[in-house]
Amino acid sequence: MHDLGCIVLCAGQGTRMKTKRPKVLHEAAGKALYAWSLDWALALKANPIQAVLGYEKEQVREGIENHYGKQVQTVVQDKQRGTGHAVQVAFENLAPCKRVLVLYGDTPLLTLDTLKALCLLQENTKSEISMLTAYVKNPFGYGRIVRDNNIKEIIEERNASAEQKEITEINPGIYVFDYEFLKAGLANLKPNEVTKELYLTDLIAQAQKPIGSIEVSDKEIVGVNDMVQLAKADRLLRRRINEEWMREGVEMLDYKTTYIDSEVKLSPGVVLEQGVILRGACEIGPGVRIGAYSVLQDAKVGENSIVGPFARLRPGAVLESDCKIGNFVEVKKSHFGKGSKASHLAYIGDAEIGEACNIGAGTITCNYDGQKKHKTKIDNGVFMGSNATLVAPLHLGDSSYVGAGSVINQDVPAKALGLGRARQENKKDWVKK
Amino acid sequence: MHDLGCIVLCAGQGTRMKTKRPKVLHEAAGKALYAWSLDWALALKANPIQAVLGYEKEQVREGIENHYGKQVQTVVQDKQRGTGHAVQVAFENLAPCKRVLVLYGDTPLLTLDTLKALCLLQENTKSEISMLTAYVKNPFGYGRIVRDNNIKEIIEERNASAEQKEITEINPGIYVFDYEFLKAGLANLKPNEVTKELYLTDLIAQAQKPIGSIEVSDKEIVGVNDMVQLAKADRLLRRRINEEWMREGVEMLDYKTTYIDSEVKLSPGVVLEQGVILRGACEIGPGVRIGAYSVLQDAKVGENSIVGPFARLRPGAVLESDCKIGNFVEVKKSHFGKGSKASHLAYIGDAEIGEACNIGAGTITCNYDGQKKHKTKIDNGVFMGSNATLVAPLHLGDSSYVGAGSVINQDVPAKALGLGRARQENKKDWVKK
Amino acid sequence: MHDLGCIVLCAGQGTRMKTKRPKVLHEAAGKALYAWSLDWALALKANPIQAVLGYEKEQVREGIENHYGKQVQTVVQDKQRGTGHAVQVAFENLAPCKRVLVLYGDTPLLTLDTLKALCLLQENTKSEISMLTAYVKNPFGYGRIVRDNNIKEIIEERNASAEQKEITEINPGIYVFDYEFLKAGLANLKPNEVTKELYLTDLIAQAQKPIGSIEVSDKEIVGVNDMVQLAKADRLLRRRINEEWMREGVEMLDYKTTYIDSEVKLSPGVVLEQGVILRGACEIGPGVRIGAYSVLQDAKVGENSIVGPFARLRPGAVLESDCKIGNFVEVKKSHFGKGSKASHLAYIGDAEIGEACNIGAGTITCNYDGQKKHKTKIDNGVFMGSNATLVAPLHLGDSSYVGAGSVINQDVPAKALGLGRARQENKKDWVKK
């Protein structure tokens, strides 16, 4: 029997986002909202993990399946009949386990440490319910925690007395349940008289033993319900990511305008200048400097390379060590061998470039002929004059040389000079005429 | 008889700005400081609206007339003899009305809602004076509000007792006056003994009836007197603008580095990446994504188009739907038909581009011959190879094709290939020599 | 005899930075950490100034000697035996003076005003020790100041009673000593029993006369021990620099994303748009506007010039007045005469450009042939068509003209037209085939 099962509620629409996308597909720090919870569940070795889908279920399922494959199962809550109902739907498909963690698809600010502590608390105390609580400045709308030292009950806003409304310790709704308690409890849930929905919170009234609780910072429990909250969650997450990397020896010239997605891998001694954006699964080697206002996505940059300012590395850009990609240069699906450079104003796409090449300013690989994409292969030690136009498919041999301003549409053999430009003529006194 | 008249004081020099420009011509969130007040006056349907000019009056008048035409009248206060004198000068030209709102040309942080409430208060209470007040942390320099529940008097800093200096409710100087009260009051104003100036605040002592007041946040009443205050006002205004758009479904990857001028129009589902600057009267359609560090001014971007990162759209850039303007591309006074693209490193100026065109990387429209600007006309479905140089005036026919690296200075007929480049030759073993 | 001597402790490794560079070589606001203290010492006319080196001493010495020459002497503390030992090492080489200021190589947030006040206090009171103190929120780890009005003693964390641990006035370790007191005191220092190190703080117990003290803001005394602290110090310093320039009449469209190194010189009426980075010893003349996301290093920009957005001026870029450098333009080691322009997508390196020249979009100076850098000389009034490739060495005469798309590798005489491009041909109905 597995130890921990996990149910992640992802069925809500998120109407206050005011976009067509389901809420849980919006991203914070480059990761879909639902994926924060699923990643924690995986890190906690939860098995099975059930994601409950509802609004735009096909779109959400596709996102989950693409990323998690069979690690995460999805179930559908056809009608939105409350959190208790959502957990019922998932529970039916949940193989028996010792305890069940309930998470949401819109709370990216929680931390793995918090969830570990919560699971451990339930494990150690054998409580029926272990839950998070938080003190918040403005408790309006939250369920208030009523205590006589232990948690006595949760009072919802609508049922709270004036005195109870003053309570600032609230229920964020994150629980670890004893499996058997949850099973029995879900079976006993009654619909709310007014809304006819089933509420997970009502399980608390069913507990016979003391409820375990861990108090967390109010910053961890903020959900995302509109674009303002999403924007603020994003900043908090990025702040955490940046501080972690700085403590690992990454230097940021302005940590408030440095944007590092959660999957990015950096190394000590990396310097990130102002405004650098690292998206997706970038890997940046030791001693690399990324200049101001560079945007990298799913790119690899080898040791001691220099990138930017104003560089754009798109997916599939791979730089070996000691490379240089300078300002106003775009690289897409291309490999730069050790020590190769493209320092100024260039577009390099679908190219395989050897070692110690110099790609001149203004060089453009014409990889698209209107029908198909073609490849450019450049061997080692090639020197390319400025403003070269390279019409792919094309092969430039070892140590070949391309004259400045040339259009090159035939292969250039090793050590040869490829020239494709007109001879200059001067027209005297032309300006007078 | 009109209901509401409005006087906006714009005569001050703003010496602490330390620039040659008059203070009220500096901008916050892309709008001249004086224009914030004039726009509120218009929104309140004030008529007439009098702007009082003084320092660099010609420059300020030109700014107002260009933007507002006859909606706003200007009067000149020849010598700076105090706020009371400024209002006297304007009042002489003010057609009779029921009440008069007095505003300033340097308080952009007020809100229309506040001013609406103030006008309504005066209308409902028939007070001689209705005014704003605010509690501030550091009241030094402000007139303090002395109350016995109602406002009793305003004590200026220089006249305040030690006890009165502790008062933190202050007078921001924003009033709605009963017209007749103001008329009589202005006639009775006496010059200050020391400065010989006339102060508007002295009208308060003339009031016979209770003075109406509305307390507003201290953030609303901050004036702009130096560049630091201007910078802070700008950030607060942009923050408000951004939060409003986010609540309408606009996604911002970093709302703290997204700069949207007050006249910009966005749509739900728009995504603005980090560092996007939208100036002037930009209009951005639904589903558009603007990439990081793009700068747009007075540009229109149609539905589902993708712009940037590092794109610059200058005034007159118009993209229909499904267009793409990529990195390091500048577009000026040009129209892109549906589905047309310029994805990399290009300058497109004074061009009319049809639908489904592909503008290659490095393409440049040579619209200027040193004497005049010329136009480039590109029909539908044109494919342009990279590094093309298009010498205007020029016409490329439907579905024509331009070879990479070509200089094109003659029209290309429909379905023809235009080529303007030298044939390549390879010089063997050239590198050895 | 000199008045003031200064000892700056720069020997630490800074292991928590987690980089190979010694801590004091990291930069805040573009200036090496140690240089902040050395610059204050120079401004206070301290002489001699001794920098105590230890970790990576050669690297640090090189940095100091390159910048300060003989103004600063360096001594080496071979083993890290505590602050008292470091000062002993320096003191041996210190010529007699009246008083000695002790500073650190990692406290860039102090201010010259504070240090001036501290020196003056010691001078006026003839105290044996005058020192800074600060109240901090979290005093953990700091020596606490125990007072009976005067400073009685400093209690280190490890020796503090529970009551003393509550004290929030702490010792930042910045002192001015009477020279003779310091001499005798250093001779009497005893190693700590546990660590065997000598501590400078132990001198306080040797004082016979009242100790002078000045309380400073807790923001001034923060040291830099890891990348997070470095990043925060950098922001605070840049904030101070920006506010100073704004008060001098420099307009910043977003002062939170404007980065001005400490040596930069600006003028009133300069406008810096969002995201501008000014590094090193830039000098920007009156009325200049620097567009968004421009990066300048060691560049000079003359009166009323316009730069950017997205411009990069590298070291040696000099613009006279009324120049324009536009978007996606890089300038390196080049001089632009009055009124010359390069408005779009260009690389200008090692060029001397006269007055009133127009450098077309896409122009590239080919200054590097794979072996050496060559110069481009452009006289006055030259007009260059777009996408020109200029192969240096090259000379373009007065009022000459270069055809768009030309490769120019021979000099063009004055008033001549240089053309280097193929004639266009159109292939009819090519697209059908």
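In what follows, the structure referred to is the one given above.
As a starting point, this report considers the structure included with it. (Residues numbered from 1 in each chain as written. Chains lettered and ligands numbered in written order. Predicted model: local features only at pLDDT ≥ 70, side-chain atom pairs only at ≥ 80, totals over all residues. Heavy atoms only, no water.)

### Some remarks on the overall build of chain A
- Across its full length, chain A holds seven helices and 37 strands.
- Scaling as 2.2 N^0.38, a compact globule of 433 residues should have a C-alpha radius of gyration of about 22 Å, whereas chain A reaches 29 Å, well beyond that.
- Counting only C-alpha atoms and orienting by the principal axes, one finds that chain A spans roughly 100 × 50 × 40 Å.
- When each of the 433 residues of chain A is scored for burial, the buried share is 58%.
- The contacts in chain A between residues at least 6 apart in sequence include a share of 42% that link residues at least 24 apart.
- Of the accessible surface of chain A, which amounts to about 17700 Å², a share of 47% is contributed by carbon and sulfur atoms.
- Across chain A, 56 positive and 53 negative side-chain charges occur, with their mean positions spaced 6 Å apart. (Helix = DSSP H or I, 4+ residues; strand = E, 2+ residues; numbered from the N terminus. Rg over C-alpha atoms; globule rule 2.2 N^0.38 Å. Buried < 20%, exposed > 50% of the residue type's maximum accessible area, 1.4 Å probe, protein only. Contact = heavy atoms within 4.5 Å. Areas by Shrake-Rupley, 256 points an atom, 1.4 Å probe, with all protein chains shown as cover. Lys, Arg positive; Asp, Glu negative; His and termini not counted. Charge placed at Lys NZ, Arg CZ, Asp CG, Glu CD.)

### Side note on the packing of helix 3 (residues 83-92) of chain A against helix 6 (residues 179-188) of chain A
All names here are of chain A.
- At their nearest, the axes of helix 3 and helix 6 sit 10 Å apart, and the two run at 120 degrees to each other. On the basis of the axis angle, helix 3 is oblique to helix 6. As for the relative orientation of helix 3 and helix 6, their crossing is left-handed in sense. Counting all contacts with helix 3, which are made through Gly84, Val87, Gln88 and Phe91, the residues of helix 6 involved are Tyr179, Leu182, Lys183 and Leu186.
- Residues belonging to the contact of helix 3 with helix 6 are distributed by class as follows: five nonpolar, two polar and one charged. (Axes fitted to C-alpha atoms, helices over the stretch in contact; angles between N-to-C directions. Parallel < 35°, antiparallel > 145°, perpendicular 65-115°, else oblique. Left-handed = near helix turned anticlockwise from the far one by under 90°. Nonpolar A, V, L, I, M, F, W, Y, C, P; charged D, E, K, R; others polar.)

### Focus: the pairing of strand 7 (residues 129-135) of chain C
Residues and elements named next belong to chain C.
- Within strand 7, six of the seven residues are buried, which leaves the element mostly enclosed by the surrounding structure.
- Bridge count for strand 7 against strand 11 (residues 175-178) is three bridges, and the pairing is antiparallel. Along strand 11, the bridge assignment pairs Ser130 with Val176.
- Taken together, the five bridges between strand 7 and strand 12 (residues 212-216) define a ladder with parallel strand orientation. (Pairing = 2+ DSSP bridges.)

### Looking at the environment of A:Glu220
All names here are of chain A.
- With respect to the element layout, Glu220 can be found in the loop between strand 12 (212-216) and helix 7 (227-247).
- Separated by 13 residues in sequence, Glu220 and Ala233 place their C-alpha atoms 9.5 Å apart.
- With sequence-adjacent residues up to four places away left out, Glu220 is seen in contact with Leu109, Leu110, Thr111, Thr114 and Arg240.
- Among the polar contacts listed, one links the side chain of Glu220 to the side chain of Thr114, at a separation of 2.7 Å. (Polar contact = N/O pair within 3.5 Å; in protein donor to acceptor, adjacent residues only side chain to side chain.)

### Focus: the interface of chain B and chain A
- Taken together, the contacts link 49 residues of chain B with 62 residues of chain A.
- Of the roughly 4100 Å² buried at the junction of chain B and chain A (both faces included), carbon and sulfur atoms supply 59%.
- At the boundary of chain B with chain A, the tally comes to five salt bridges.
- The salt bridge involving B:Arg247 is made with A:Asp226; its shortest N-O contact spans 3.2 Å.
- Applying the counting rule to chain B against chain A returns 21 residue pairs in polar contact (both at pLDDT 80 or more).
- Of all elements in the fold, only helix 7 (227-247), strand 13 (251-252), strand 24 (324-332), strand 26 (341-349) and strand 37 (425-427) of chain B reach the threshold of two or more residues within the side of chain B that touches chain A.
- It is helix 7 of chain B that provides the largest number of residues to the side of chain B that touches chain A, a total of four residues.
- Classifying every residue of the side of chain B that touches chain A by side-chain character gives 20 nonpolar, 14 polar and 15 charged.
- Bridge count between strand 36 (residues 417-419) of chain A and strand 37 of chain B: three bridges; the pairing is antiparallel. In the sheet register, A:Leu419 faces strand 37 of chain B, and the bridge partner there is B:Glu425. (Buried area = accessible area lost by both parts, 1.4 Å probe. Salt bridge = Lys/Arg side-chain N within 4 Å of Asp/Glu carboxyl O.)

### Details of the sheet that holds strand 17 (residues 283-284) of chain C
Residues and elements named next belong to chain C.
- Pairing is parallel in the open sheet, where seven strands are placed in the order 17-20-23-25-27-30-33. Across the chains shown, the open sheet's two edge strands, defined by having one partner strand only, are strand 17 and strand 33 (394-396).
- In this sheet, strand 20 (residues 300-301) lies alongside strand 17 in parallel orientation, the contact comprising two bridges. Residue Glu283 lies in a different strand from strand 20, and its bridge partner there is Lys300.

### What to know about the interface of chain B and chain C
- Between chain B and chain C, the contact holds 62 residues from the first and 49 residues from the second.
- When the two sides are added together, the surface that chain B and chain C hide from each other amounts to roughly 4100 Å², 58% of it contributed by carbon and sulfur.
- It is B:Arg235, B:Lys415 and B:Leu417 in chain B that bury the most area against chain C; as a group they hold 13% of the surface buried on that side.
- Across the contact surface, chain B and chain C share five salt bridges.
- The partner of C:Glu273 in a salt bridge is B:Arg279, and the shortest N-O contact between them spans 2.7 Å.
- Counting every contact that joins chain B to chain C gives 21 residue pairs in polar contact (both at pLDDT 80 or more).
- Ranked by the residues each element gives to the side of chain B that touches chain C, the list is headed by helix 7 of chain B, at eight residues.

### So, the relation of the copies chain B and chain C
- Laying chain B over chain C is done by rotating through 120 degrees and shifting 0.0 Å along the axis; what remains is an RMSD of 0.1 Å. These values place the two chain copies in the arrangement generated by a three-fold rotation axis. The rotation axis passes nearest to the C-alpha of B:Ala422 in chain B, at a distance of 3.1 Å.
- Interface residue correspondence from chain B to chain C reaches only 18%, placing this contact among heterologous pairings that use different surfaces. (Least-squares fit on C-alpha atoms with pLDDT ≥ 70 in both.)

### What about the packing of aromatic side chains?
- Tallied over the entire structure, the rule returns 33 aromatic pairs over all chains.
- Between B:Phe177 and B:Phe181 the ring centres are 6.5 Å apart and the planes differ by 20 degrees, which places this aromatic pair in the stacked class. B:Phe181 matches B:Phe177 in its accessibility class, with the two residues each being buried.
- Ring plane angle 50 degrees and centroid distance 6.4 Å describe the contact between C:Trp36 and C:Trp40, whose orientation is recorded as tilted. Of this pair, C:Trp36 and C:Trp40 both sit in helix 1 (residues 33-43), separated by four residues, roughly a single helical turn. Like C:Trp40, C:Trp36 is buried.
- Of note, A:Lys31 hangs over the ring of A:Trp36, and the distance from its end group to the ring centre comes to 4.3 Å.
- When the ring centre of C:Tyr368 is taken as reference, the NZ or CZ atom of C:Lys373 above it lies at 5.2 Å. (Phe/Tyr/Trp six-rings, centres within 6.5 Å; stacked < 30°, edge-to-face > 60°. Lys NZ or Arg CZ within 6 Å of the ring centre and 35° of its normal.)

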